[in-house]
Amino acid sequence: MLEIKDLHVKLEEEDKQILKGVDLTIEPGSVHAIMGPNGSGKSTLSYVLSGKDGYEVTNGEASLEGADLLDMDPEERAAVGLFLAFQYPVEIPGVGNMTFLRTAVNAQRKARGEEELSAADFLKEVRAKAKSLKIDADMLKRPVNVGFSGGEKKRNEILQMAMLEPKMCILDETDSGLDVDAMKLVAEGVNALRSTGRSFLVITHYQRLLDHIKPDVVHIMADGKIVKSGGPELALEVENNGYADILAEVA
Amino acid sequence: MALAKLKADTTAARLSGVSLPDGAGWANAARADALARVQQMGLPTKRDEYWKYTDPASLTAADPPTAALFHNDEGPLFDAVDRVRIVFVDGVFDAAASDDLSAEGLEIERLVDATARDIHWAKDVYGVLEARGQVPVERPLAALNTAMATDGVVIRATGKVTKPVNLIYLHKDVASDVTLHNVVKVEAGADMTLLETGPAAARFSKSLEVEVADGGAFHHVRAQGRDHERRAVTHCFAKIGAESTFKSFTLTFNGVLTRNECVLEIVGDDAVAHVAGACVGDGRDFHHDDTVFVTHDAVNCESRQVFKKVLRNGATGVFQGKILVKAGAQKTDGYQISQSLLLDEDSQFLAKPELEIYADDVACSHGSTSGAIDEDALFYLRSRGVPEQEAQNLLTLAFLAEALEEIENDALADDLRDRLEGWLSRHS
């Protein structure tokens, strides 16, 4: 599904190397988690994959089902099936949540040469999916993320994911700022989307989220590289002992 | 001295060979008085403080510039709205294209018919509100309009009228130089909506004088455009009575030069006066100026100014807005916001917000901002698959939304939103 080879990335504005050779292969239907200390490059990886400005790829490649991601505009990456759930979802005053969702769904369908969803079909689908995430009609009507609580913002991200039905979902610290109940709700939303044709990359600081979204593979990232990979037990090790032991071990 | 001479020369050149329309005694007197005001004030030049950001030369020139006609496949605006259509072609009333001027709760006449009658209610409004609006800032082009106006309508609202009156200004002659003057009197407790649409002329001078009596309501929605080369100077003078409502919104597309002056005088307690505008302009030869002056001369009144401009490819936007709160106008609630969205570094927005307050128990706030498209919002939209141009259009409409929300009638607002979407997607 997602193939990252020797990815090197620096900040465009300054001469600071953030990613220093990331290798990662995610198979269809699997859930991978990346953990790591602050500043290790986890969020940068998610931004570079989704096409945010401000980063320069100095070496390496990244592809989704064989399509070279790094050559594409962000909207093209979305259309081939990449989705990033933002750590800090952006507030967009003046754009209704519903308008936003419908514009996005139809833009992707159009880019893939599919027919646009009719207003009635869209409404039916969005209502059903919103309901399972406990997103009420009012939240759908309000401007995108404006005045949403932290939990509402994250649920709104998952609703977008559910509507866009991407192949590769990257969740960037989706658990940050959530209480236990909100995290469970978000995790349930994610788990409902798990399928054989869809993969997940869950970026998190804490084991807690991984109790709810069970990963197949856990990677530890440090100083711009994946330094260790293993099963779910690796996340437990981090939870119990912190990163120091692992980092000392691979150093 | 040099400025005085320049103004005198400009005025003499403009007035040379001009003859005032003839009508009834009161109308002729009003025109002669207005002409005397023009001569006394002199026409504006770029060196006048009030015209610092907008060069009036093409508005005062004796030989008016021409403007190419703009064609596209858009149908008439507000076509689905049940309304009384009054059509002017290059400033001349077109009876055949217009609806019957009789409407329940409204008395509508052509200006030329009203000014021909010896006794007419318009006598107390025509040129009267304009003259009041010459203090403390002179508006000589408005006086020139009063003196020279050849056509227009006078409307008296006597009841609550839901069906809007739509003045449709068609532009068919590349060299048309048009002066129109409309007068509205909303009687006590009456309610009406006036729509104005169309490019009007190559050079258009238009005045609207509105008197809203106690408890009356006047709603005004205007769309100027879309001819790129047109020029316009418009004035709206309103005298707003107790417990009455005045709401005006203008959307402007394109135009080499547009100067919209709105002069509101609140004279009765507990009144509400809102004026709002949105404009979209593209290119170095787009220049749009909103100049607003709101005077509070009564207790417990609310005024609101909301202006938004989208500027790109070197376009220029100007906002001069003032709230004057006179002594004794306590409990005034005044609000003013002017904002521009600059889509590139070549475009510019020049703003001069002013508050002048002589009462001690008032709440007045004002703000002005200029900014680019929010890059984070743009990336967020694109990351969801929305193409860059479409995302930018969506954010641009979102920027304008606050101004469009000033329109109470949703059907009218939706029509204008559709036009904006069309403009954004077609780049013209």
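Residues numbered from 1 in each chain as written. Chains lettered and ligands numbered in written order. Predicted model: local features only at pLDDT ≥ 70, side-chain atom pairs only at ≥ 80, totals over all residues. Heavy atoms only, no water.

1. Concerning the interface of chain B and chain A
Okay, step 1: Contacts between the two partners involve 16 residues from chain B, matched on the other side by 30 residues from chain A.
Okay, step 2: Put simply, chain B and chain A have four salt bridges between them.
Okay, step 3: For Glu 75 of chain A, the salt bridge goes to Arg 382 of chain B, with nearest N and O atoms at 2.6 Å.
Okay, step 4: Joining chain B to chain A, the criterion identifies ten residue pairs in polar contact (both at pLDDT 80 or more).
Okay, step 5: Put simply, the parts of the chain that give the side of chain B that touches chain A at least two residues each are helix H7 (375–383) and helix H8 (388–404) of chain B.
Okay, step 6: When residues of the side of chain B that touches chain A are assigned to their parent elements, the largest contribution, seven residues, is made by H7 of chain B. (Contact = heavy atoms within 4.5 Å. Salt bridge = Lys/Arg side-chain N within 4 Å of Asp/Glu carboxyl O. Polar contact = N/O pair within 3.5 Å; in protein donor to acceptor, adjacent residues only side chain to side chain. Helix = DSSP H or I, 4+ residues; strand = E, 2+ residues; numbered from the N terminus.)

2. Quick word on the nonpolar core
Okay, step 1: Ranked by size, the top nonpolar core spans 117 residues in total, and within it Ile 4, Leu 49, Ile 92, Met 161 and Phe 200 of chain A together with Phe 249 and Leu 416 of chain B carry the most contacts.
Okay, step 2: A total of nine residues in this core trace back to one element, the largest contributor, which is H8 of chain B.
Okay, step 3: Sequence-distant contacts of Leu 49 of chain A, that is, excluding residues within four places in its chain, are made with Leu 2, Ile 4, Ala 62, Leu 69, Arg 77, Leu 82 and Ile 170 of chain A.
Okay, step 4: Counting 52 residues, the second-largest nonpolar core is a separate cluster that includes Val 153, Val 186, Ala 298 and Leu 311 of chain B. (Core = buried A, V, L, I, M, F, W, Y, C linked by side-chain atoms within 4.5 Å. Buried < 20%, exposed > 50% of the residue type's maximum accessible area, 1.4 Å probe, protein only.)

3. Some words on the packing of helix H3 (residues 97–111) of chain A against helix H6 (residues 150–164) of chain A
The geometry of a pair of packed helices is captured by two quantities: the angle between their axes and the separation between those axes.
Residues and elements named next belong to chain A.
Okay, step 1: At a closest axis distance of 10 Å, the pairing of H3 and H6 adopts a crossing angle of 35°. Considering the relative orientation of H3 and H6, their crossing is right-handed. Here H3 contributes Asn 97, Phe 100, Leu 101, Ala 104, Val 105 and Gln 108 to the contact with H6, which in turn contributes Asn 156, Leu 159, Gln 160, Met 163 and Leu 164.
Okay, step 2: Among the residues making up the contact of H3 with H6, the classes are represented as seven nonpolar, four polar and no charged. (Axes fitted to C-alpha atoms, helices over the stretch in contact; angles between N-to-C directions. Left-handed = near helix turned anticlockwise from the far one by under 90°. Nonpolar A, V, L, I, M, F, W, Y, C, P; charged D, E, K, R; others polar.)

4. Examining the confidence of the model for chain A
Okay, step 1: Predicted confidence across chain A gives a mean pLDDT of 93, with 100% of residues reaching 70 or more.
Okay, step 2: Of all helices and strands in chain A, the one with the weakest mean pLDDT is helix H10 (residues 244–250) of chain A (82), whereas strand E6 (residues 82–85) of chain A scores best (97). (pLDDT = per-residue confidence, 0-100.)

5. Remarks on the pairing of strand E9 (residues 168–172) of chain A
Residues and elements named next belong to chain A.
Okay, step 1: Burial runs high along E9: five of the five residues are buried.
Okay, step 2: Both faces of E9 are covered, namely the face carrying Met 168, Ile 170 and Asp 172 and the face carrying Cys 169 and Leu 171.
Okay, step 3: Bridging between E6 and E9 involves four bridges; their strand directions are parallel. Paired with Phe 83 across the bridge in E9 is Cys 169.
Okay, step 4: Here E9 runs beside strand E10 (residues 199–203); their pairing, made up of five bridges, is parallel. If you follow Met 168 over to E10, its bridge partner there is Ser 199.
Okay, step 5: With helix H7 (residues 180–193) bridging E9 and the parallel E10, this β-α-β connection has right-handed handedness. (Pairing = 2+ DSSP bridges. Right-handed = clockwise from strand over helix to strand, strands pointing away.)

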